[in-house]
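So you can see what is in the structure, the chains are spelled out below.
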Number of protein chains: 2
Amino acid sequence: MKVLREIDQVNTLVSEWTKNGESIGFVPTMGYLHEGHIRLIKEAKKENDKVILSIFVNPLQFGKGEDLDTYPRDEDHDRHVAKENGVDLVFLPTNETMYPQPLSVNMTVTNRTNVLCGKSRPGHFDGVVTVLTKLFNITRPDNVYFGMKDAQQVAVVDALIKDYNMPVNLIAVPTVREEDGLAKSSRNVRLSDEERKEAPSIQEALQYGRKLVMEGQNSKEMIIEATVKFLEQKTHGKIDYIELLSYPELEFIEKIDRPVILAAAVFYDNVRLIDNVVFDHEGLVIYG
Amino acid sequence: MKVLREIDQVNTLVSEWTKNGESIGFVPTMGYLHEGHIRLIKEAKKENDKVILSIFVNPLQFGKGEDLDTYPRDEDHDRHVAKENGVDLVFLPTNETMYPQPLSVNMTVTNRTNVLCGKSRPGHFDGVVTVLTKLFNITRPDNVYFGMKDAQQVAVVDALIKDYNMPVNLIAVPTVREEDGLAKSSRNVRLSDEERKEAPSIQEALQYGRKLVMEGQNSKEMIIEATVKFLEQKTHGKIDYIELLSYPELEFIEKIDRPVILAAAVFYDNVRLIDNVVFDHEGLVIYG
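What counts and what doesn't
Residues numbered from 1 in each chain as written. Chains lettered and ligands numbered in written order. Predicted model: local features only at pLDDT ≥ 70, side-chain atom pairs only at ≥ 80, totals over all residues. Heavy atoms only, no water. UniProt positions renumbered as here; feature names shortened; annotations may be inferred. 1 Å grid on protein atoms, 1.4 Å probe; cavity = no way out; pocket = protein on both sides within 12 Å on 5 of 7 lines; lining within 4 Å. Points joined across faces, edges and corners; volume = space filled by probe spheres on them. Nonpolar A, V, L, I, M, F, W, Y, C, P; charged D, E, K, R; others polar. Salt bridge = Lys/Arg side-chain N within 4 Å of Asp/Glu carboxyl O. Helix = DSSP H or I, 4+ residues; strand = E, 2+ residues; numbered from the N terminus. Buried < 20%, exposed > 50% of the residue type's maximum accessible area, 1.4 Å probe, protein only. Pairing = 2+ DSSP bridges. Axes fitted to C-alpha atoms, helices over the stretch in contact; angles between N-to-C directions.

- As named in an unreviewed UniProt entry, chain A is Pantothenate synthetase, taken from Halobacillus litoralis.
- We quote the UniProt Pathway (unreviewed entry) comment for chain A here in full: "Cofactor biosynthesis; (R)-pantothenate biosynthesis; (R)-pantothenate from (R)-pantoate and beta-alanine: step 1/1."
- The UniProt entry for chain A carries the following comment under Function (unreviewed entry): "Catalyzes the condensation of pantoate with beta-alanine in an ATP-dependent reaction via a pantoyl-adenylate intermediate."

Structure, rendered in structure tokens:
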């Protein structure tokens, strides 16, 4: 496994692979790899000749007061995980490598962002599309892998790729879950024992809402109301939002007549958890 | 020569070429091809296995009140010129092909634009970088060719490519001139006979300014003053601007201690002409 820190080095290696007709799968991360990332790497391994993993805590996607400085880092662990899982190249750039001068051309996301988590993170997705555009150009992948845990990120990247005709396939990988259904997250360790027992109810509530659609309910308002009620009975966590939007456009709808996302964010004492389910107009799971 | 209108068709052909290890030169244009464009095509032919020419009058780079609707078009002529000069693929998309939905991600240029012609064309370069990012992704060229007549455009594209690590070389091609030095332009036909006789003085004045630097003058103010004075004596045209800036950063400087552009725009009765010369701190021509 190669570990490279300079863009030119990556260019050289990628050009070699491309010349040899080898396909490239790319998994962009901010490091501190967990099972969600490993699932992405495994998918990339299955479908490509070479797999590139990038580890870069992108300052541009952190707002003021967000945890850029305390964002967890463990390069040794990450390199070990990457190697174990057959990654061919780890790209580990510095801030200076990625942003050697102030940008003259800025990218801003004007759609799919003022809903869900985007509401409370102004500028976050601007930073995401900026760094991804750079990373796509540096690694020139055939396929790029994102987890559906961050469904809004997937939707924004989908828009980015379509808007700019980027020559890359977006592969959305289903959320990895604990046996009881809780979405895996490095943040789950911050749950108290009692909270940990209740937290799977987030996914249960979303599935409950989805089943109402299977049974013929198609009013957004009724589904959200029922989902909120279900969740409030199952957990002491404070609901930040439960939203139901078209997917991947993330537009407000009243009737479930196309693919949708039902998504939740819940505050516990020391952590805010998110989860979602994406399903069609008949309630059939697309991503769960 | 292939003529394609759909992005998928271009993707397929470009993938074939790339697999065969063939290099690609790209000449983006708005059509109505003249000798300046032909020069770009010829350069691209010399340095690449395949040459792609795009013809697309990009609505995004026209401001309100600008001449989008009356912009000259002549597809038959352009196809003929392209074929004569050995172009391998002409990409001729429609507006609907290039912009099938409103953009969710916008690109804006915040540097190198509020000088020279950019001052009077707000949003123009935003449209330029947007369409070029799309076209680069569609045609995936090794080299892309622009004329130095639009030096500011070259400077902005240089920033775009650097900021986003785009895997393409920018080749700036010197301005094509009439025998008397007037920069070629389809707009020159709008000059009266007398104006046509005077118009070469624009380039003469810029060269006069450059020669002052060769003789040791290094004050921006003195050079601009002398250039304006020279030009005013030689033509009845009304000077829109004569500017001297660092190149390609297009930053204000007082002393000529690095590569610079000396650029002019002059109003005649029915046309506004632009021209420039780029030279180093000793006055040696870089692009003339």
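1. Some remarks on empty space enclosed by the protein
Here is step 1: Within this structure, the stated rule accounts for one cavity of 30 Å³ or more.
Here is step 2: Of the volumes computed, that of the largest cavity is approximately 50 Å³.
Here is step 3: Looking at the lining of the largest cavity, its residues break down into seven nonpolar, four polar and two charged.

2. Things to note about the pattern of salt bridges
Residue and element names in this part refer to chain A.
Here is step 1: If you walk through the whole model with that rule in mind, you get 33 salt bridges over all chains.
Here is step 2: For the salt bridge of Asp180 with Arg196, the shortest nitrogen-to-oxygen distance reads 3.0 Å. Here Asp180, found in the loop between strand E7 (169-173) and helix H7 (193-198), pairs with Arg196, found in helix H7; they are 16 residues apart in sequence, far enough to count as distant.
Here is step 3: Among the residues examined, Asp180 registers a relative accessible area of 39% and is labelled partly exposed.

3. Some remarks on the sheet that holds strand E9 (residues 260-267) of chain A
Residue and element names in this part refer to chain A.
Here is step 1: Across the sheet, which stays open at both edges, the four strands sit in the order E8-E9-E10-E11 with antiparallel pairing between neighbours. One side of each edge strand has no neighbouring strand; the edge strands of this open sheet are strand E8 (238-246) and strand E11 (285-287). Across the sheet, the mean angle separating the axes of adjacent strands is 25° when strand polarity is ignored.
Here is step 2: Sheet topology places E8 next to E9; eight bridges connect them, and they run antiparallel. From the neighbouring strand, Ile239 faces E9, where its bridge partner is Val266.

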